[in-house]
Amino acid sequence: MIPVDFAYARPGSLADTLAVLDGNPGARLLAGGQSLLTQLKTRTVAPDVVVDIGGLDELRAIRLEDDRLVIGAMVTMASLTRDAAVARAVPILPLVLRHVADVQVRNRGTLGGSLAYADPSGDLAGAAIASGASVRLASSAGEREVPVAELYTGPFRTVLRAGEVLTAVSLPRRDGARASYGAVARRPADPTLAGVAVVADVDGGTVTELAIGLVGLGDRPLPAPRTAAAVRGRPLGDETIAAARAELDAEIAPLDSTAGSADYRRAVAPVALERALREAVGDDAGVEGNG
Amino acid sequence: MTDLGTRTATPTVRVNGEDVTGEVPARMLLVHYLRENAGRTGVHVGCDSGNCGACTVLLDGAPVKSCMVLAAQASGREVTTVDGLDAPCVPALRRAFVEHAAIQCGYCTPGMLTNATALLRDDPHPDEDAIRAALKGNLCMCTGYQQIVDAVAAAAAEGEEASR
């Protein structure tokens, strides 16, 4: 398929990028291109100008800032998979990345592009929400930071304004935390129909801290605060699991799509949750974090 | 004056060691650039939508789907197509694909060989799970995959033998 016709700009700096965006309110940013090129081919979007930010090396850094890991928006999924500092500080990321597409797509696809795409089935958004991540948005008017849990307004929609660029993802360090991802898909390379990303602290079989990100279970990636509250502070027995499954059912609002029906998503969501929780806690508190 | 974008691009892409340059529409995909401008028709156009992996090439050494990259994005970078693969494992991979009947219609073969070459370069002794995970983005409608997995495993084993 030939993409829709567009004018192509490849600025060399963030400042130049913001200037191009200010002059072209309908412009679209090209990061790794693994979603945008499909949209340009199918004419789902037809911008006058495509702004390639592949030349912005300033968006490729991974660095520690006090108790946070800050990952540049243009860091590819493949580099995240290989980075030992990422695996240590944000253990959920490498676990979830295994579910994202394939080697070739992960070599091009970026963390920032994936989060900004706002796919309700976006695995990385679920991981970001479970991690308590926020995104940094730059524009010619300045910078603001938005929690990923508040980034989305609907399917493929975010709070990003015209002229804003998602420059980095800031994640609290969770060294030593337990992490797991329960995900159901028709086939491994297909979109996630129900994904539950879990980041937890566990002490003697009891989940002392827990955050959950949901994928494919609403019109956007969602947090699950009430489900997490049903588990926090309790030993992970059948009773706690049953309570969590019930809370989850009340917190999700899955949609029908060609990939899977809302009913099916609702039916498998608690299975994904239970798998994630049991895997995160492990056999007992003595075992080391999985993944 | 800020560059507000142009409808054409003039990428220079190093393809199998030779610079290929020329003015093309900005929307031209790398796969078409490689076939039409560089004459590298070993790169196949399969689904043209980022799913099948037939168009896989190495971009600065990393396997990517060339239908999901603009030619302009590859400017100043190095592309290796199936006919430019020169890693030590390549002769063994080619032989193993033939011996294990990992080729039937041949459409997926350039992508399979290219991706398998990157796999064996980075992980010379992959187990079956690692082979299947690495080739997840390459679809084959003929073989049922087992022959391809067997061929990659055989090439890896041959490499192991040779390095002893």
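All of these numbers come straight from a predicted model, not from anything done at the bench.

A. Main features of the overall build of chain B. Of the regular secondary structure elements, chain B holds five helices and seven strands. Shown N-terminal to C-terminal, the secondary structure of chain B runs as helices and strands in the order β-β-β-β-α-β-β-β-α-α-α-α. Here chain B has a C-alpha radius of gyration of 17 Å; the compact-globule value for 164 residues is 15 Å, and the two agree. On the principal axes, the C-alpha backbone points of chain B span a range of 60 × 35 × 25 Å.

B. Spotlight on the interface of chain B and chain A. Listed per partner, the contact involves 32 residues of chain B and 37 residues of chain A. Summed over both sides, the interface between chain B and chain A buries roughly 2,800 Å², with carbon and sulfur atoms accounting for 54% of that surface. If you sort the residues of chain B by the area they bury against chain A, B:Arg27, B:Met68 and B:Lys136 come out on top, with a joint share of 26%. Applying the counting rule to chain B against chain A returns four salt bridges. For the salt bridge of A:Asp5 with B:Arg7, the shortest nitrogen-to-oxygen distance reads 3.5 Å. Where chain B meets chain A, there are 13 residue pairs in polar contact (both at pLDDT 80 or more). Listed by contribution, the elements that provide at least two residues to the side of chain B that touches chain A are strand 5 (56-59), strand 6 (62-65) and helix 4 (128-134) of chain B. Among the elements that take part in the side of chain B that touches chain A, strand 6 of chain B stands out by supplying four residues, more than any other.

C. Inspection of the environment of A:Ala230 at higher detail. Here A:Ala230 shows up in helix 9 (residues 225-231). Non-local contacts of A:Ala230, meaning those with residues more than four positions away in its chain, are made with A:Thr240, A:Ala243, A:Ala244 and A:Glu247.

D. Just helix 10 (residues 238-251) of chain A, in detail. All names here are of chain A. Taking 1.5 Å as the rise per residue, helix 10 with 14 residues should run 20 Å; its terminal C-alpha atoms sit 20 Å apart, in good agreement. Listed as buried for helix 10 are Thr-240, Ile-241, Ala-244, Leu-248 and Glu-251. Buried residues of helix 10, viewed axially, fall in a sector of 95 degrees; they line one side. Of the exposed residues in helix 10, those oriented more than 90 degrees away from the buried face are Asp-238, Glu-239 and Ala-250. On its buried side, helix 10 packs onto strand 13 (206-215), strand 14 (222-223), helix 9, strand 15 (234-235) and helix 11 (262-281).

E. Quick peek at the packing of helix 10 of chain A against helix 11 of chain A. Residue and element names in this part refer to chain A. Between helix 10 and helix 11, the shortest axis-to-axis distance is 10 Å and the interhelical angle comes to 140 degrees. When the axes of helix 10 and helix 11 are compared, the pair comes out oblique. Every pair of crossing elements has a handedness; the one defined by helix 10 and helix 11 is right-handed. Counted together, Asp-238, Ile-241, Ala-244, Arg-245, Leu-248 and Asp-249 of helix 10 and Arg-266, Ala-269, Pro-270, Leu-273, Glu-274, Leu-277 and Arg-278 of helix 11 form the full contact between these two elements.

F. Looking closely at the sheet that holds strand 2 (residues 28-30) of chain A. All names here are of chain A. Taken together, the three strands give an open sheet; going across it, the order is 1-3-2, and neighbouring strands pair in parallel fashion. The sheet is open, and its two edges are formed by strand 1 (7-9) and strand 2, each paired on a single side. For this sheet the average axis-to-axis angle between neighbouring strands, irrespective of direction, equals 30 degrees. In this structure, strand 1 lies alongside strand 3 (residues 49-52), joined through three bridges in parallel fashion. Across the sheet, residue Tyr-8 finds its bridge partner in strand 3, namely Val-50. Strands in contact with helix 1 (residues 14-23) are strand 1, strand 2 and strand 3; relative to strand 3, the strand with the most contacts, it is inclined by about 170 degrees.

G. View of the sheet that holds strand 7 (residues 78-80) of chain B. Residues and elements named next belong to chain B. An order of 3-2-7-5-6 is seen for the five strands of this open sheet, with the pairing classed as mixed. Pairing within the sheet leaves two strands with one partner each, and these edge strands are strand 3 (18-21) and strand 6. In this sheet, adjacent strand axes meet at a mean angle of 40 degrees when their direction is disregarded. Direction of pairing for strand 2 (residues 12-15) relative to strand 3: antiparallel, over a ladder of four bridges.

H. The arrangement of the side chain of A:Glu164 in detail. All names here are of chain A. By the secondary structure assignment, Glu-164 is in the loop between strand 9 (157-158) and strand 10 (165-172). Here the side chain of Glu-164 touches Arg-144 through a polar contact of 2.7 Å, side chain to side chain. Look past the residues within four positions of Glu-164 in its chain and what remains in contact with it is Leu-21, Leu-29, Leu-137, Ala-138, Ser-139, Arg-144 and Val-159.

I. The arrangement of the pattern of salt bridges in detail. Taken as a whole and judged by the stated rule, the model has 26 salt bridges over all chains. A salt bridge links A:Lys41 to B:Asp48; its shortest N-O distance comes to 3.5 Å. Pair noted here: A:Lys41 is in helix 2 (residues 36-42) and B:Asp48 is in the loop between helix 1 (30-37) and strand 5, and the two residues belong to different chains. With respect to class, A:Lys41 is no different from B:Asp48; both count as buried. Put simply, A:Arg232 and A:Glu209 hold a salt bridge, and the shortest N to O gap is 3.4 Å. Of the two residues, A:Arg232 sits in the loop between helix 9 and strand 15 while A:Glu209 sits in strand 13, which places them 23 residues apart along the sequence.

Conventions used here
- Residues numbered from 1 in each chain as written.
- Chains lettered and ligands numbered in written order.
- Predicted model: local features only at pLDDT ≥ 70, side-chain atom pairs only at ≥ 80, totals over all residues.
- Heavy atoms only, no water.
- Helix = DSSP H or I, 4+ residues; strand = E, 2+ residues; numbered from the N terminus.
- Rg over C-alpha atoms; globule rule 2.2 N^0.38 Å.
- Contact = heavy atoms within 4.5 Å.
- Buried area = accessible area lost by both parts, 1.4 Å probe.
- Salt bridge = Lys/Arg side-chain N within 4 Å of Asp/Glu carboxyl O.
- Polar contact = N/O pair within 3.5 Å; in protein donor to acceptor, adjacent residues only side chain to side chain.
- Expected span 1.5 Å × (residues − 1).
- Buried < 20%, exposed > 50% of the residue type's maximum accessible area, 1.4 Å probe, protein only.
- Arc of directions from axis to C-beta.
- Axes fitted to C-alpha atoms, helices over the stretch in contact; angles between N-to-C directions.
- Parallel < 35°, antiparallel > 145°, perpendicular 65-115°, else oblique.
- Left-handed = near helix turned anticlockwise from the far one by under 90°.
- Pairing = 2+ DSSP bridges.

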